[in-house]
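A structural walkthrough
What follows is the residue order along each chain.
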There are 2 protein chains.
Amino acid sequence: MARAWHLMNRPTGIPTNDDAVLKDIALAPLDDGMVHVRNRWLSVDPYMRSRMNDVKSYVPSFQIGEPMTGGAVGEVVESRDPSLQPGDMVLHMAGWRDEVVEPAGHFNKLPPIPGVEPQAFLANLGLTGGTAYFGLLDVAAAKAGDIVFVSAAAGAVGSAVVQIAKAKGMTVIGSAGGADKCEFVRSLGADEVIDYKAGPVVKSLMAAATKGIDVYFDNVGGDHLDAALAAARQNARFAMCGMIEGYNTGEPTTLRYIMRVVAMRIRMQGFIYTDYMGRLGEFYQDMGAMIAGGQVKERETVMDGLDSALDAFRGLFTGANTGKMLVRL
Amino acid sequence: MARAWHLMNRPTGIPTNDDAVLKDIALAPLDDGMVHVRNRWLSVDPYMRSRMNDVKSYVPSFQIGEPMTGGAVGEVVESRDPSLQPGDMVLHMAGWRDEVVEPAGHFNKLPPIPGVEPQAFLANLGLTGGTAYFGLLDVAAAKAGDIVFVSAAAGAVGSAVVQIAKAKGMTVIGSAGGADKCEFVRSLGADEVIDYKAGPVVKSLMAAATKGIDVYFDNVGGDHLDAALAAARQNARFAMCGMIEGYNTGEPTTLRYIMRVVAMRIRMQGFIYTDYMGRLGEFYQDMGAMIAGGQVKERETVMDGLDSALDAFRGLFTGANTGKMLVRL
C-alpha cells in the first residue's frame, strides 16, 4: 500500500506529530498516458512551511486532510506512455509519499549530466542550487571582486552560494551557528566566517567586513538583514530569498539600519526560483560544469525512510542539517 | 553685516534654539573671479537633519561652530567674473545665510523656462521635484496604469509625486495627516486619500487599495513602509526616498510584512537626487512642460526673514508645511 504525509491542522510554529500524519493512499489507475513511479529521494524545504498556512503566497496552500507535495526524484516502475520507460529516473513534484501514478507530463526525465548523482536535481541542480545561482548572479548581480555576505551559509542554498561566489572570484563572508557549521563554511572556501550564536551579528559582521559588503544573500531576515544594512556599501544589492526566521514565529522584524537603504542606494529584491524556469538550460550548463569541476560540492544530510520525513522537515528549523536535507526511500 | 545660521551642538531629536544660532559672518573679499550674491529664497529640507549628526551619510556632516549650507536662489549684486552680471538669478548651495561671496563656479545661472518663478528651482525644478520625478519614473519604473501609493503626499516631494503620477496616467493613493492635508492631496488629483492620523495605516491602505499597489514612493518609512509591504502586488517597486520618521527619533523600525518581499518579488531601491545630476536636461524639459501646462502645480509654505529659518526647518518635522517649505529673504 502506498503512503503519503497528510496535513491534518494548520500548525502554529514548528509542526507537531498531530499536524502532519502518514496515511495510506490509493494510487490512480494506470490508464493510457499514465506512469507509475517509485520515489527514491524526497526534498524537504523551508518554503513548505508557508504552504501549511492558509495565506496567499507564491505557492498554493496545502489543504487540510490532503496529502502534501514537494520535489522528488523517483524511478519509473510501469509506464503506459511512450515517453518514459521502466528504469528511467524522473524529477517531479509528488513528494511526501513513496509511490505515485500520474500523467507522463508531470514527470521530467533527468537530463544526462556526467558525474552527477540523481539527487543533485533536488539540490545543486534543483531548487536549492538554482536559488543560489540566480539569486547571486542575476538578482544581486554579483561579479568578480564583490564582497558577498551570505546568511545560513551552512544550509543548502547558503553553501551553494558560498561555492559559486568563490568559483566566480568574489570575497565571501558566511554566517552560521556554532563551531562545527562555521568550520564547514570555511571548508567551502569562505574568506571569513561569523558564528551568529557567539554574539550580535551586526558586531561580528562589522568586524569581519572592514570594507563593507557589496552583496547580501538573505536566507534568514531578522538580525542578519539588519547587520547587512549596517555594513552595506554604496549601491549594494540584496537578494532576498528565505527569511526562515519569520516562517514559524510570526514575530515582526526590527530593523535599526533600514534608513541606510536611502543613503547607500541599497537595492533589495525578492525572488523565487520558479521565475527562472525559462533559463534552466544556461543553469544546467554553468552549474553542471562547476559541479563536474569540483568547484561546487554537495553536502547532504540524509534521513532514511518515509517515516522520517516530518522529522527531516522539522530539522530545517532547528539547525539539524548541514547542506541539503534529503529523505532517502 | 551678513549673517548665517551656525550649528552649535549635535541635536538629539528636533534641533533647539541652542543647537543652531544666527551669527554675523565676514564675507570673502571680492577678488577676481568672485561673485557677490544676495539670497532671495532659502530651501529647508529634511535631509539637512542628518547633516547635523556626526555620522557618515551621503552628504557630509555640518561642523560644530560653522555655518550650515543648503540650497538657495539669489541675485547677483556684484560680479568680478564675466559669466555673471548684476541682476542675474542664480541657484547655489550657500543657503542658511543672507549674503555670500564665492567663486563664480559655485553659482548656476537659472535656465530660462517661461512662466516659472525662480523659487521653483528650489522645489519642483530642484531637489524636491527632481526627487519625485526620478524616484517615481526611474527608480520605481512607474508607468501608465500602475497603482501608486505615496506617503507624506501633502509634503514637497509627495505632492509632486501625486501630480506627476496623475499626469502620466497612473492611479494614485496618497497618505497625509489630518483632514486639511487630505483635502489638499485630493485637490492634487489623488484617486484615494488615507488619513494616517485616523487609524492604522495598514488597515486604511488595504481598504483603499483593494487591488493592491504596484509602486510605493516612500517618504517616511515606519508604518507606511510596512503597510506598503502588506499591499504590494507581485513585482511591486518601492522607491525609497526619505524615511523622515527615523531622522529624529533614532527608533528602530518594526516591520510585520517584510517577508512579502520574497513572495511578491518586491524591489526596494534607495536613491538620492544628486545621482541624477547628469540627466537634468531631460528633467527640465519634461517637468518644465508639466509645470507650464498646469499639470504640476506648486504649493508653497513660505516663512519670511532669515530669523525664521530654524522655525521653518523644524516645521518639516511637526507637519507645519503643506507643499514646499521656503524661507523668503
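Residues numbered from 1 in each chain as written. Chains lettered and ligands numbered in written order. Predicted model: local features only at pLDDT ≥ 70, side-chain atom pairs only at ≥ 80, totals over all residues. Heavy atoms only, no water.

Turning to the packing of aromatic side chains, a few remarks are in order. Under the criterion given, the structure shown has 24 aromatic pairs over all chains. Their ring planes at 75° and their centres at 5.3 Å tell us that Phe313(A) and Phe317(A) sit as a pair that is edge-to-face. Linking Phe313(A) with Phe317(A), this pair stays in helix H10 (residues 309–318), spanning four residues, or about one helical turn. The pair formed by Phe313(A) and Phe317(A) is uniform in burial state, with each residue classed as buried. On the numbers, 5.3 Å between centres and 55° between planes, the contact of Tyr133(B) with Phe283(B) is tilted. Within this pair, whereas Tyr133(B) is found in helix H2 (residues 127–139), its partner Phe283(B) is found in helix H9 (residues 280–292), the two being separated by 150 residues in sequence. Take Tyr133(B) and Phe283(B): they sit in the same class, and that class is buried. (Phe/Tyr/Trp six-rings, centres within 6.5 Å; stacked < 30°, edge-to-face > 60°. Helix = DSSP H or I, 4+ residues; strand = E, 2+ residues; numbered from the N terminus. Buried < 20%, exposed > 50% of the residue type's maximum accessible area, 1.4 Å probe, protein only.)

Here the focus is the sheet that holds strand S10 (residues 192–195) of chain A. Taken in spatial order, the 12 strands make up an open sheet running S10(A)-S9(A)-S8(A)-S11(A)-S12(A)-S14(A)-S14(B)-S12(B)-S11(B)-S8(B)-S9(B)-S10(B), and their pairing is mixed. Unpaired on one side and paired on the other, S10 of chain A together with strand S10 (192–195) of chain B mark the two borders of the sheet. Taking each pair of neighbouring strands and ignoring which way they run, the sheet shows an average axis angle of 15°. Sheet topology places strand S8 (residues 147–150) of chain A next to strand S11 (residues 213–218) of chain A; three bridges connect them, and they run parallel. Opposite Val150(A), over in S11(A), you have Phe217(A) as the bridge partner. On top of the sheet, helix H6 (residues 222–231) of chain A reaches S8, strand S9 (171–176), S11, strand S12 (232–240) and strand S14 (267–270) of chain A; it is set at about 155° to S12(A), its chief contact. Across the sheet, helix H6 (residues 222–231) of chain B lies against strand S8 (147–150), strand S9 (171–176), strand S11 (213–218), strand S12 (232–240) and strand S14 (267–270) of chain B, angled at about 155° from S12(B), the strand it touches most. (Pairing = 2+ DSSP bridges. Axes fitted to C-alpha atoms, helices over the stretch in contact; angles between N-to-C directions. Contact = heavy atoms within 4.5 Å.)

So, on to the relation of the copies chain A and chain B. Of the transformation superimposing chain A on chain B, the axial component is 0.0 Å and the angular component is 180°, with the fit at an RMSD of 0.0 Å. Here the copies are linked by what is in effect a two-fold axis. Taken together, the interface assignments show that 100% of the residues at the interface of chain A recur at the interface of chain B, consistent with an identical surface on both copies. (Least-squares fit on C-alpha atoms with pLDDT ≥ 70 in both.)

Most often, soluble globular proteins have nonpolar side chains that are buried together. With 56 residues, the main nonpolar core has Phe238(A), Phe238(B) and Met268(B) as its most contacted residues. With sequence-adjacent residues up to four places away left out, Phe238(B) is seen in contact with Tyr216(B), Leu225(B), Ala228(B), Leu229(B), Ala232(B), Ile266(B), Arg267(B), Met268(B) and Gln269(B). Core analysis: the second largest hydrophobic core is formed by 51 residues, Val139(A), Ala153(A), Val172(A) and Val193(A) among them. (Core = buried A, V, L, I, M, F, W, Y, C linked by side-chain atoms within 4.5 Å.)

Here we come to the packing of H2(B) against H9(B). Residues and elements named next belong to chain B. Orientation of H2 relative to H9, taken along the N-to-C sense of each, is 100°, at an axis distance of 11 Å. Taken together, the axes of H2 and H9 are roughly perpendicular relative to one another. In this structure, H2 uses Gly129, Gly130, Tyr133 and Phe134 to contact H9, whose residues at the interface are Glu282, Phe283, Asp286, Met287 and Met290. Its residues assigned to classes, the contact of H2 with H9 shows five nonpolar, two polar and two charged. (Parallel < 35°, antiparallel > 145°, perpendicular 65-115°, else oblique. Nonpolar A, V, L, I, M, F, W, Y, C, P; charged D, E, K, R; others polar.)

Residues and elements named next belong to chain A. Counting through the fold element by element, methionine 68 comes out in the loop between helix H1 (47–51) and strand S4 (72–79). Methionine 68 sits in the buried class, given a relative accessible area of 0%. Spatially, the C-alpha atoms of methionine 68 and glycine 158 are 26 Å apart, while their sequence positions differ by 90 residues. With near-sequence residues (within four places) excluded, methionine 68 lies in contact with Trp5, Leu7, Ala20, Met52, Phe62, Gly95, Trp96 and Arg97.

The next thing to look at is empty space enclosed by the protein. What the rule picks out here adds up to two cavities of 30 Å³ or more. Ranked by residues supplied to the lining of the largest cavity, first place goes to helix H3 (residues 156–167) of chain A with four residues. Of the residues in the lining of the largest cavity, the class split is three nonpolar, five polar and four charged. Viewed by domain, the lining of the largest cavity spans two of them, domain 1 (2–123 + 298–328) and domain 2 (127–274) of chain A, each represented by three or more residues. Quantified by volume, the second largest cavity comes out at close to 40 Å³. Looking at the second largest cavity, the residues that line it are Ala123(B), Asn124(B), Thr128(B), Ala156(B), Ser159(B), Gln163(B), Lys297(B), Glu298(B), Arg299(B) and Lys324(B). Broken down by element, the lining of the second largest cavity gets its largest block of residues, three residues, from helix H3 (residues 156–167) of chain B. The residue inventory of the lining of the second largest cavity, partitioned by class, reads two nonpolar, four polar and four charged. When residues of the lining of the second largest cavity are sorted by domain, at least three fall in each of domain 1 (2–123 + 298–328) and domain 2 (127–274) of chain B. (1 Å grid on protein atoms, 1.4 Å probe; cavity = no way out; pocket = protein on both sides within 12 Å on 5 of 7 lines; lining within 4 Å. Points joined across faces, edges and corners; volume = space filled by probe spheres on them. Domains from an automatic or database assignment.)

With that settled, the discussion passes to the packing of H2(B) against H3(B). All names here are of chain B. Contact pair H2 / H3: the axes reach a minimum separation of 8 Å and the direction vectors enclose 50°. Between H2 and H3, the interaxial angle falls into the category oblique. Handedness of the crossing formed by H2 with H3: right-handed. Contacts from Thr128, Gly129, Thr131, Ala132, Tyr133, Leu136 and Leu137 of H2 reach H3 at Ala156, Val157, Ala160, Val161, Ile164 and Ala165. Its residues assigned to classes, the contact of H2 with H3 comprises 10 nonpolar, three polar and no charged. (Left-handed = near helix turned anticlockwise from the far one by under 90°.)

Attention now goes to the pattern of salt bridges. Residues and elements named next belong to chain A. Under the counting rule described, the total for this entry stands at 34 salt bridges over all chains. Between glutamate 282 and arginine 279 there is a salt bridge, and its shortest N-O distance comes to 3.0 Å. On the basis of relative accessibility, which here comes to 36%, the residue glutamate 282 falls in the partly exposed class. The class of arginine 279 is partly exposed, set by a relative accessible area of 31%. By sharing partners, the salt bridges in this structure join Asp138, Arg279 and Glu282 into a single network. (Salt bridge = Lys/Arg side-chain N within 4 Å of Asp/Glu carboxyl O.)

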